[in-house]
Amino acid sequence: MKLHPALRAFSFVSAVSAAFICWWIVAEALTPDGVDVRWDWDRRQWIAFGVGLLVPGLLAGWKAPELRKWWFKHVKPDGETLSLKWLVGLGLFGTLVVAASLIYWQAELLTLDGESVASVESPELLDITRSTAFSLGAIGAIAALLVGYRRQKSTEDAHQQELDKHAHEVQKHADEVDAARQNLALERDKQRAEQISKLHDRYAKAVEQLADDKVTIRLGGVYVLAALAEDWRARDNYRQQQVCVDMLCSYLRSAEHKVVESESASGEASDQIDWDKLKADQPVRKAALECLSEIKRREVEGPEGVWAKGVGELKKLAYGSLGISSAPLRMDLQGIPLVGLELRHARLTYLHLENAKLMSADLTGADLTSAKLNHAAMNGATLAGTNLTRTDLSDASVINCSLKGAYIIGTKLANATITPPYVGGDGSMDGAIIIGVDFAAAFRVDGTGSSVIIDEETLDSAGDYMDGGEGQSIRRRPLDADDPDDLARVRALIAAAGLGEKSDGDLWRAKRMTISLPERDTRPLVEK
């Protein structure tokens, strides 16, 4: 950096002034009082005096840049305060100057006019030295206090700087954390938006698959929609889950029609369901029903049993308090055409199949637990081994059906019509488990020649219409007298149905049970 000329001039003047002051002090001390310190100089003395003053001034002005760098490097390292070493050094120098001034002043007082201060006697010089020492001690004490104060202030300043540095680092860290959180939130929002976009793309693709001509592609579309419904539920987006469920229900309600020429004299054509194409679509419809059943089961029971069910109920309450509906899912399956479809071992639990057309459908081994089949037309259907636990068959038509090995536990039969197959109807309920059923509430029930496991409550409900065939009493014996494995299995089924405890004396194995509950005049039969 280029220095200002004023700095060189200042250095020159300072050096000349210092040299002159030093010369004056020495000359004054060595010259008697009343004598001019210049003496009677000749030209050479004056030249030497001038050179003695100019040389330090010129050196100081010439070396001003180096002196300035040296000053800020050693004397003022931080650019503001003197270093402790130089402060002590300057203090000692100042002490010597003060001591010399005091000695000179006292010596000047003790000498007569015209005498030099160097003529002071030893005893007087000792007194001067003693008084000067006391004065210097007082000044030293003051200097010690000043040094202590400076040291304390330096310590406090250093501590404050550390605190400020720490506070700055803490604030910097807090700013970095806030920035990281904001970036993380933005990244999460971005990922969430991308995931939602992918879910919508999957939905659009699945809808296209459902409209495809190939069964396998339509089947894939069904499974994609079911998986999407669970993905939306996992994200607590019940509205989009309902959209997926509605699409599956709409597919099941739809059926391709064909124009059929009438055989009557009028010859008018009619629009009817193409049952052949419906049967060809059987794998897709069965998969759609099972997917909907699983979605509904997870909603009701939860994926991990009772605990998850309790958590689900709490979530419903929480979302309800926020004005957000999380349940129940609406599954509009009323009147869906399932005529003649093979639904063996299908899982159809919790489905609302009111007014469903299940005529001649094969439901062997199917699970209809807690399903709603009110007003369903099931004439000619096969229900062998079907689980009808807590199934609602109110006003249903179950005519010409086999119920061999069926689980009829807690089943609602209000105004239902149940009759055995037209051909080979004997033993239509053979091997069935009938627990907690009110046959008296049914419209009509026929079951002949059956050997069933039944409880006392069900026997009492139809005692006037039940016998052992040909007017004989029902032959029965306690269930615990048979295989204990059967007793354990029946108890497990009762517990799963939530019917409470049944004592061993309430469970029977009835032989050749015949029930014949005649039609009541309360309503007409459901349309066959």
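To be clear, the structure that these remarks concern was listed above.
Computed from a prediction, not measured in an experiment: that's the story for all the values here.

**Concerning the overall build of the chain**
If you tally the helices and strands in the chain, you get twelve helices and ten strands. The 528 residues of the chain split such that 34% are buried. In the chain, once contacts between residues fewer than 6 apart in sequence are set aside, the share between residues at least 24 apart is 50%. Approximately 30900 Å² of the chain is accessible, and the part contributed by carbon and sulfur atoms is 58%.

**Structural notes on the packing of helix H7 (residues 238-253) against helix H9 (residues 282-301)**
Packed helix pairs are characterised by how far apart their axes lie and by the angle those axes make with each other. Look at H7 against H9: their axes get within 10 Å of each other, and the N-to-C directions meet at 145 degrees. With respect to the hand of their crossing, H7 and H9 are arranged in left-handed fashion. In this structure, H7 uses Gln241, Val245, Leu248, Cys249, Tyr251 and Leu252 to contact H9, whose residues at the interface are Val284, Arg285, Ala288, Leu289, Leu292 and Ile295. Within the contact of H7 with H9, the residues separate by chemical class into ten nonpolar, one polar and one charged.

**What about the packing of helix H6 (residues 215-234) against H9?**
Packing of H6 against H9 brings their axes to within 9 Å, and their N-to-C directions diverge by 10 degrees. By the criterion of interaxial angle, the relationship of H6 to H9 is roughly parallel. Contacts between H6 and H9 pair Val215, Arg218, Leu219, Val222, Tyr223, Ala226, Ala229, Glu230 and Arg233 from the former with Pro283, Val284, Ala287, Ala288, Cys291, Ile295, Arg298 and Glu299 from the latter. Its residues assigned to classes, the contact of H6 with H9 shows twelve nonpolar, no polar and five charged.

**Considering H7**
Between its first and last C-alpha atoms H7 spans 22 Å; for 16 residues at 1.5 Å apiece the expected length is 22 Å, and the two agree. When we look at burial in H7, the residues that qualify are Tyr238, Gln241, Gln242, Cys244, Val245, Leu248, Cys249, Tyr251 and Leu252.

**Observations regarding the pattern of salt bridges**
Where side chains of opposite charge bring their charged atoms close, a pairing between them can arise. Applying the stated criterion across every chain, the model contains 15 salt bridges. Salt-bridge contacts for Arg298 lead to Glu294; the nearest nitrogen and oxygen are separated by 3.2 Å. With Arg298 and Glu294 both in helix H9, this residue pair falls four residues apart, about one helical turn. Note on Arg298: relative accessible area 31%, which makes it partly exposed. Given a relative accessible area of 24%, Glu294 falls into the partly exposed group. Note that Asp367 is salt-bridged to Arg347, the shortest N-O span being 3.8 Å. Placement of Asp367 in the loop between helix H10 (306-321) and strand S3 (397-398) and of Arg347 in the loop between H10 and S3 is noted, with a sequence separation of 20 residues between them.

**Quick word on the packing of aromatic side chains**
Pairs of aromatic rings are described using the distance from one ring centre to the other and the angle between the two planes. Applying the stated criterion across every chain, the model contains zero aromatic pairs. Between the NZ or CZ atom of Arg285 and the centre of the ring of Tyr251, over which it lies, the distance is 5.4 Å.

**Describing the side chain of Thr391**
Looking at the secondary structure, you find Thr391 in the loop between H10 and S3. Looking at Thr391, its side chain comes within polar contact range of the main-chain oxygen of Leu388, at 3.2 Å. Excluding residues within four positions of it along the chain, Thr391 makes contact with Leu368, Thr369, Ser370, Ala371, Leu373, Thr411 and Lys412.

**Some details on the environment of Leu507**
Inspection of the secondary structure puts Leu507 in strand S10 (residues 507-517). Contact partners of Leu507, with chain neighbours within four places excluded, come to Ile435, Ile454, Asp455, Arg477, Pro478, Leu479, Leu487, Val490, Ile494 and Lys502.

**A word on a nonpolar patch on the surface**
A cluster of nonpolar side chains, namely Ile47, Val51, Val55 and Leu59, defines an oily patch on the protein surface of about 340 Å² accessible area. Checked against the element boundaries, Val51 lands in helix H2 (residues 43-62).

**Topic: empty space enclosed by the protein**
One simple way to see leftover space: roll a probe sized like a water molecule over the atoms. Under the definition given, this model contains one cavity of 30 Å³ or more. Considered as a void within the structure, the largest cavity measures approximately 40 Å³ in volume. Around the largest cavity, the lining residues are Leu388, Leu393, Leu403, Ile408, Leu413, Ile418, Met429 and Phe439. Looking at side-chain class alone, the lining of the largest cavity contains eight nonpolar, no polar and no charged residues.

**Digging into the pairing of S10**
Within S10, eight of the eleven residues are buried, which leaves the element mostly enclosed by the surrounding structure. In this structure, strand S8 (residues 466-467) lies alongside S10, joined through two bridges in antiparallel fashion. Residue Met466 lies in a different strand from S10, and its bridge partner there is Ile515. The sheet contact formed by strand S9 (residues 475-478) and S10 spans four bridges and is antiparallel. Across the sheet, the residue bridging to Arg477 is Arg509, located in S10.

**Digging into the nonpolar core**
Within the largest apolar cluster, 73 residues are counted, with the highest numbers of intra-cluster contacts made by Leu289, Leu292, Leu333, Met378, Ile434, Phe439 and Ile454. For this core, the secondary structure elements donating two or more residues are helix H5 (122-210), H6, H7, H9, strand S7 (444-455) and S10. Among the elements that make up this core, the one with the highest residue count is H9 (seven residues). Ignoring anything within four residues of it in the chain, the contact list for Leu333 reads Cys249, Leu252, Leu289, Leu292, Leu351, His352, Leu353 and Glu354. Core analysis: the next-biggest nonpolar cluster, separate from the first, contains ten residues, Ile453, Leu479, Leu487 and Ala497 among them.

**With respect to the side chain of Asp455**
Relative to the assigned elements, Asp455 resides in strand S7. A polar side-chain atom of Asp455 sits 3.3 Å from the main-chain amide nitrogen of Gly436. Leave out the neighbours within four places in its chain, and Asp455 touches Ile434, Ile435, Gly436, Lys502, Asp506, Leu507 and Trp508.

The rules we used
- Counting of residues starts from 1 at the beginning of each chain's written sequence and follows it residue by residue.
- Where totals are concerned, whole chains, interfaces and linings use all residues; where local detail is concerned, this predicted model gives features only for residues with pLDDT of at least 70, and gives and counts side-chain atom pairs only at 80 or more.
- Where side-chain values are given, they derive from all heavy atoms of the structure, hydrogens and water being excluded.
- What counts as a helix is a DSSP run of H or I of at least four residues, what counts as a strand is a run of E of at least two, and both are numbered from the N terminus.
- When accessible area is computed with a 1.4 Å probe and restricted to protein chains, residues below 20% of their type maximum are described as buried, those above 50% as exposed, and intermediate ones as partly exposed.
- For this analysis, residues touch if any pair of their heavy atoms sits within 4.5 Å.
- In short, Shrake-Rupley with a 1.4 Å probe defines the accessible areas, and a residue's cover is counted only from the protein chains shown.
- Axis lines are fitted to C-alpha atoms, over the contacting stretch for helices. Their N-to-C directions set the angle, which ranges from 0 to 180 degrees.
- Whether a crossing is left-handed or right-handed is set by the direction in which the near helix is turned from the far one by less than a right angle, anticlockwise for left-handed and clockwise for right-handed.
- Residues are grouped as follows: Ala, Val, Leu, Ile, Met, Phe, Trp, Tyr, Cys and Pro are nonpolar; Asp, Glu, Lys and Arg are charged; all remaining types, including Gly, are polar.
- The cut-offs work like this: below 35 degrees is roughly parallel, past 145 is roughly antiparallel, 65 to 115 is roughly perpendicular, and the gaps in between are oblique.
- Expected span of a helix: the number of residues minus one, times 1.5 Å.
- Should a side-chain nitrogen of Lys or Arg be within 4 Å of a carboxyl oxygen of Asp or Glu, the pair is scored as a salt bridge.
- Aromatic pairs are defined between Phe, Tyr and Trp rings, using the six-membered ring for Trp, whenever the two ring centres lie within 6.5 Å; interplanar angles under 30 degrees are classed as stacked, those over 60 as edge-to-face, and all others as tilted.
- Note on geometry: a ring has a charge over it if NZ (lysine) or CZ (arginine) is within 6 Å of the ring centre and within 35 degrees of the ring normal.
- In protein, a polar contact means a hydrogen-donor-capable atom and an acceptor-capable atom, both N or O and within 3.5 Å, with residues adjacent in sequence counting only if both atoms are side-chain atoms; elsewhere, any N or O pair within 3.5 Å suffices.
- Residues enter patches when they are more than 30% accessible in relative terms and free of salt bridges; like-charged ones are connected within 9 Å and nonpolar ones (Val, Leu, Ile, Met, Phe, Trp, Tyr) within 5 Å.
- Both cavities and pockets are sets of points on a 1 Å grid over the protein atoms alone; in a cavity a 1.4 Å probe fits but cannot get out, in a pocket the set is open with protein on both sides within 12 Å along at least five of seven lines, and lining residues sit with an atom within 4 Å of a point.
- Grid points are joined across faces, edges and corners, and a volume is the space filled by probe spheres set on the points.
- Strand pairing follows a simple DSSP-based rule, namely that at least 2 bridges must link the two strands.
- The criterion is simple. A nonpolar core is a set of buried Ala, Val, Leu, Ile, Met, Phe, Trp, Tyr and Cys residues joined through side-chain atoms within 4.5 Å.

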